2 protein chains.
Amino acid sequence: MQPDHPSSGIDRRAVVSTLALLPALCATLLPASAQAQMAQGGQLPSWNEGAAKQAILDFVRTTVDRSSPSYVAPDERIAVFDQDGTLWVEHPMYTQVIYCLERVPAVVAKKPELKDVEPFKTVLSGNREAMARLSLRELEQILAATLTGMSTEEFRAEARKWLETARNPRWNRPYTELAYQPMLEVLQYMRDNGYKTYIVTGGGQDFVRVYAEKVYGIPPEQVVGTAGGTKFGYGNDGRPFLMKEPKLLLNDDKAGKPEGIHLMIGRKPTAAFGNSAGDREMLEWIGAGAGARLKMLLLHDDDKREYAYGPAQGLPDTKVGTFPQALYDEAKKNGWYVISMKNDWKRIFAFEREARAE
Amino acid sequence: MQPDHPSSGIDRRAVVSTLALLPALCATLLPASAQAQMAQGGQLPSWNEGAAKQAILDFVRTTVDRSSPSYVAPDERIAVFDQDGTLWVEHPMYTQVIYCLERVPAVVAKKPELKDVEPFKTVLSGNREAMARLSLRELEQILAATLTGMSTEEFRAEARKWLETARNPRWNRPYTELAYQPMLEVLQYMRDNGYKTYIVTGGGQDFVRVYAEKVYGIPPEQVVGTAGGTKFGYGNDGRPFLMKEPKLLLNDDKAGKPEGIHLMIGRKPTAAFGNSAGDREMLEWIGAGAGARLKMLLLHDDDKREYAYGPAQGLPDTKVGTFPQALYDEAKKNGWYVISMKNDWKRIFAFEREARAE
């Protein structure tokens, strides 16, 4: 499942020989955190040994080693991660879409005139087959009704409350527990080595910001996502607030991802992780730059522990997470790594580990 | 020039008495950087003693002291600073507008058909009086022609080159040396105490990002400004790049400032510095929140060392930096501090200090 990556073996050999020749020098030059990790061993414990794990370790080690030609100054260490399907489960439906659908009754309670109006009527019926047939335009109407028309504080409070109580039916766990443990380890490993980690998601920026710090250790200001406008105004009590408006500022998907990174971060990251055609332009753009670059795509090929969909490598095509064969071929051609969930990951979720320990 | 601030004296007394009662405890609880600074004394050396300096010191000390009721967790320590007229000179014309005017000959060299077209013709004439009469619409045409229609990399290279060679005529110094030394000290003091410092400017985000790290120690991702869209595409060599488009995404002025902060930072800062009516909504919004808040406005009342304009307190009204009397009155009413450049600042620029040492 791994594309051949011509530079991988060479980089490793270069690092190994450098370390062999100059152990004292390297110990001085490497940051304390990196030294501690090397001594400790066992980085990325939920990853199987293989080209994907090695690529991450090699990239980080060579970019934090001052004696390496690939050295990157701490300020420039920026890594970006798609969220849905890359950091947590996206199948069979994006969590935010589930949130919006489940918010419809509350919206209709406040605006009873919507009760008999489509698409709200279909959502209220609970008929999942009919809901699956909703058009993109109808879905947008639902998103607008449930994500806008309230203050930023109201939205945050509502989303937080839902996240605390909602459960994913397959695992019977809060959605926030469906983050991929191997990716949480990558986030932490990169931060331990001075990387600033960002989420760059097609999902709603305000939604992801509600839980990103708790789930991923990523603060709100490091979440780039699809963003709507807000409107400053004063409440009846004269208190200023921001109202969420149904006005799209940034569609953070496909070409919108590099555009969003430029808008929100203002410089090019050197590492990017994605899992679908929506991440293609981001990986291409990040790849077009001098110095070391890490570009990785996660292939969902594990129908036992999670899901298998694609349709790269003959996996079934589905509505979410389109990883077409053409993207797989582009990855192979350009030296991007494809992570096989089935082969590269020892475990998928943190709670699996707990289960084993029980 | 200082508004009475009812809580200032109380906060100070509370801190002083806490320190007197619990010196050992406080030493343990305060961050090492804060301890070092308190031992060192002489914070904000370019500030005269007074209510403004004391307000900054009190705010920082009480929000980093774990035993204080105003304690703020490190993650939430976010301070925002307007740029033009708050961090550096804005009079008689914004530096970015000077950049755009001075770029016109290069633009016309590439597009000779603009030579005899207004407003380019007037700018090329060098007639400063005629240029001062350009309408807002004409100015926008010049901004669009000089800030868009090129790749983000080309723009960065051009702006960097200009900043290295252009000189402010009054001081005969690069514009980047016209940052206010007292404000550079505030930025550093707040960062030393765990505050993340952001610029929130009506100026162009891409322009300010070119020099913000060098001049202010503020990285590109912590610059929020007026932002245009970019468009992802591929060059003739197949290399992906972003083209700067003449499409306004965020007008980061007045109500656009809190809206821009929500878009780019995603949470409410607790400290804000500005100098004009363009900062009013930002200060109001930041003031509307629980816990300690620091809101400060810089009054340009020093026509000898810099400029005096306002028209608060009877200073002359000018095209840039409108600080109306109504804003001054709102500041007094709401406990915002007004910094008097004339009375609160020992020196304005870093090079003044060099001059004394010579």
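Quick look at the structure, then. Computed from a predicted model, the values in this text were never measured in an experiment.

Some details on the interface of chain A and chain B
Counting residues at the interface gives 41 residues for chain A and 41 residues for chain B. Roughly 3,300 Å² of surface becomes buried between chain A and chain B when both sides are summed, with 52% attributable to carbon and sulfur atoms. In this structure, A:Glu221 and B:Lys196 form a salt bridge, with 2.7 Å as the shortest nitrogen-oxygen distance. When residues of the side of chain A that touches chain B are traced back to their parent elements, those giving at least two are α9 (152-165), β2 (196-204), α11 (205-216), β3 (223-234), β4 (240-250), α12 (256-264) and α13 (280-287) of chain A. In terms of residue class, the side of chain A that touches chain B is built from 18 nonpolar, 7 polar and 16 charged.

Here we look at the relation of the copies chain A and chain B
Superposing chain A onto chain B takes a rotation of 180 degrees combined with a translation of 0.0 Å along the rotation axis, leaving an RMSD of 0.0 Å. Such a combination of rotation and displacement between the chain copies is what one expects of a two-fold axis. Take the interface residues of chain A: 100% of them recur as interface residues in chain B, which is what a same-surface contact looks like.

Some details on the environment of A:Gly278
All names here are of chain A. Mapping Gly278 onto the fold places it in the loop between β5 (271-274) and α13. Exposure remark for Gly278: the relative accessible area of 6% places this residue in the buried category. Excluding residues within four positions of it along the chain, Gly278 makes contact with Asp253, Lys254 and Lys257.

Describing the packing of helix α12 (residues 256-264) of chain B against helix α13 (residues 280-287) of chain B
Residue and element names in this part refer to chain B. Axis separation between α12 and α13 bottoms out at 7 Å; the angle between their running directions is 55 degrees. Relative to α13, the element α12 is oriented oblique. Residues Lys257, Pro258 and Ile261 of α12 lie in contact with α13, whose contacting residues are Glu281, Met282, Trp285 and Ile286. Classifying every residue of the contact of α12 with α13 gives 5 nonpolar, no polar and 2 charged.

Some remarks on helix α8 (residues 136-147) of chain A
All names here are of chain A. Along its 12 residues, α8 runs 16 Å from first to last C-alpha, staying within 8% of the 16 Å computed at 1.5 Å per residue. Residues Ile142, Thr146 and Leu147 constitute the buried set of α8. Across the axial projection of α8, the buried residues extend over an arc of 105 degrees, all falling on one side. For α8, the secondary structure elements touched by its buried residues are α5 (95-110), α6 (120-125), α9 and β4. Within two residues after α8, Gly149 carries a phi angle of roughly 80 degrees, on the positive side.

A closer look at the pattern of salt bridges
Oppositely charged side chains can pair when the atoms bearing their charge come close. Residues and elements named next belong to chain B. Summed over all chains, the structure comprises 30 salt bridges over all chains. Measuring nitrogen to oxygen at the nearest pair gives 2.9 Å for the salt bridge that ties Lys53 to Glu49. Judged by its relative accessible area of 62%, Glu49 is exposed. The closest approach of N and O atoms between Asp302 and Arg305, which form a salt bridge, is 2.7 Å. Here Asp302 falls in the buried class, since its relative accessible area comes to 5%. The partly exposed category is assigned to Arg305, whose relative accessible area is 23%.

Here's the deal with the packing of aromatic side chains
Summed over the entire model, instances satisfying the criterion amount to 33 aromatic pairs over all chains. Geometrically, the ring pair formed by A:Tyr99 and A:Phe207 is tilted, given 5.2 Å between the ring centres and 40 degrees between the ring planes. You can see A:Tyr99 sitting in helix α5 and its partner A:Phe207 sitting in helix α11, a full 108 residues away along the chain. Assessed through its relative accessible area of 2%, A:Phe207 is described here as buried. An angle of 15 degrees between the planes, with centres 5.3 Å apart, marks the rings of B:Trp162 and B:Tyr175 as stacked. Placement of the pair is B:Trp162 in helix α9 (residues 152-165) and B:Tyr175 in the loop between α9 and α10 (181-192), with a sequence separation of 13 residues. Exposure remark for B:Trp162: the relative accessible area of 8% places this residue in the buried category.

A few points about the side chain of A:Gln96
By the element assignment, A:Gln96 lies in helix α5. A relative accessible area of 13% places A:Gln96 in the buried class.

Digging into the sheet that holds β5(A)
All names here are of chain A. Overall, mixed pairing links the 7 strands, which are arranged β4-β3-β2-β1-β5-β6-β7 in an open sheet. Here the strands that pair on one side only, and so sit at the sheet edges, are β4 and β7 (337-340). Averaged over all pairs of adjacent strands, the angle between strand axes in this sheet comes to 35 degrees, irrespective of strand direction. Bridge analysis of β3 against β4 gives 7 bridges, and the strand direction is antiparallel. Bridge pairing in β4 places Lys231 opposite Met243. Strands β6 (294-299) and β7 of the sheet are contacted by helix α14 (residues 325-334), whose axis makes an angle of about 145 degrees with β6.

Comments concerning unusual backbone geometry
Excluding glycine, a negative phi dihedral is what most residues carry, and trans is how most peptide bonds are arranged. All names here are of chain A. A cis amide bond links Gly310 to the next residue, Pro311, at an omega of 10 degrees. Mapping Pro311 onto the fold places it in the loop between β6 and α14. Backbone geometry places Gln313, a non-glycine residue, at a positive phi of 60 degrees.

Here we look at the sheet that holds strand β1 (residues 78-81) of chain B
Strand pairs in the sheet, formed through backbone hydrogen bonds, run parallel or antiparallel to each other. Residues and elements named next belong to chain B. Taking strand neighbours across the sheet as the criterion, the 7 strands line up as β4-β3-β2-β1-β5-β6-β7 in an open arrangement whose pairing is mixed. In this open sheet, the two edge strands, each paired with only one partner strand, are β4 (240-250) and β7 (337-340). For this sheet, the mean inter-axis angle between neighbouring strands, taken without regard to orientation, is 35 degrees. When strand β2 (residues 196-204) meets strand β3 (residues 223-234), the two strands line up parallel, connected through 4 bridges. Paired with Val200 across the bridge in β3 is Val224. Set on the sheet, helix α4 (residues 51-64) makes contact with β5 (271-274), β6 (294-299) and β7; between it and β6 the angle comes to about 155 degrees.

Examining the pairing of β6(B)
Residue and element names in this part refer to chain B. Of all 6 residues in β6, 6 are buried, a share of seventy percent or more. Residues Leu294, Met296 and Leu298 point to one face of β6 and Lys295, Leu297 and Leu299 to the other, with burial holding for every one of them. Pairing geometry for β5 and β6, over 4 bridges, is parallel. Within the sheet, the bridge partner assigned to Ala271 lies in β6 and is Leu294. In this region the chain leaves β5, passes through α13 and returns to the parallel neighbour β6; the handedness of that crossover is right-handed.

Analysis parameters
Residues numbered from 1 in each chain as written. Chains lettered and ligands numbered in written order. Predicted model: local features only at pLDDT ≥ 70, side-chain atom pairs only at ≥ 80, totals over all residues. Heavy atoms only, no water. Contact = heavy atoms within 4.5 Å. Buried area = accessible area lost by both parts, 1.4 Å probe. Salt bridge = Lys/Arg side-chain N within 4 Å of Asp/Glu carboxyl O. Helix = DSSP H or I, 4+ residues; strand = E, 2+ residues; numbered from the N terminus. Nonpolar A, V, L, I, M, F, W, Y, C, P; charged D, E, K, R; others polar. Least-squares fit on C-alpha atoms with pLDDT ≥ 70 in both. Buried < 20%, exposed > 50% of the residue type's maximum accessible area, 1.4 Å probe, protein only. Axes fitted to C-alpha atoms, helices over the stretch in contact; angles between N-to-C directions. Parallel < 35°, antiparallel > 145°, perpendicular 65-115°, else oblique. Expected span 1.5 Å × (residues − 1). Arc of directions from axis to C-beta. Phe/Tyr/Trp six-rings, centres within 6.5 Å; stacked < 30°, edge-to-face > 60°. Pairing = 2+ DSSP bridges. Right-handed = clockwise from strand over helix to strand, strands pointing away.

By themselves, these are just geometric observations and shouldn't be taken as functional.
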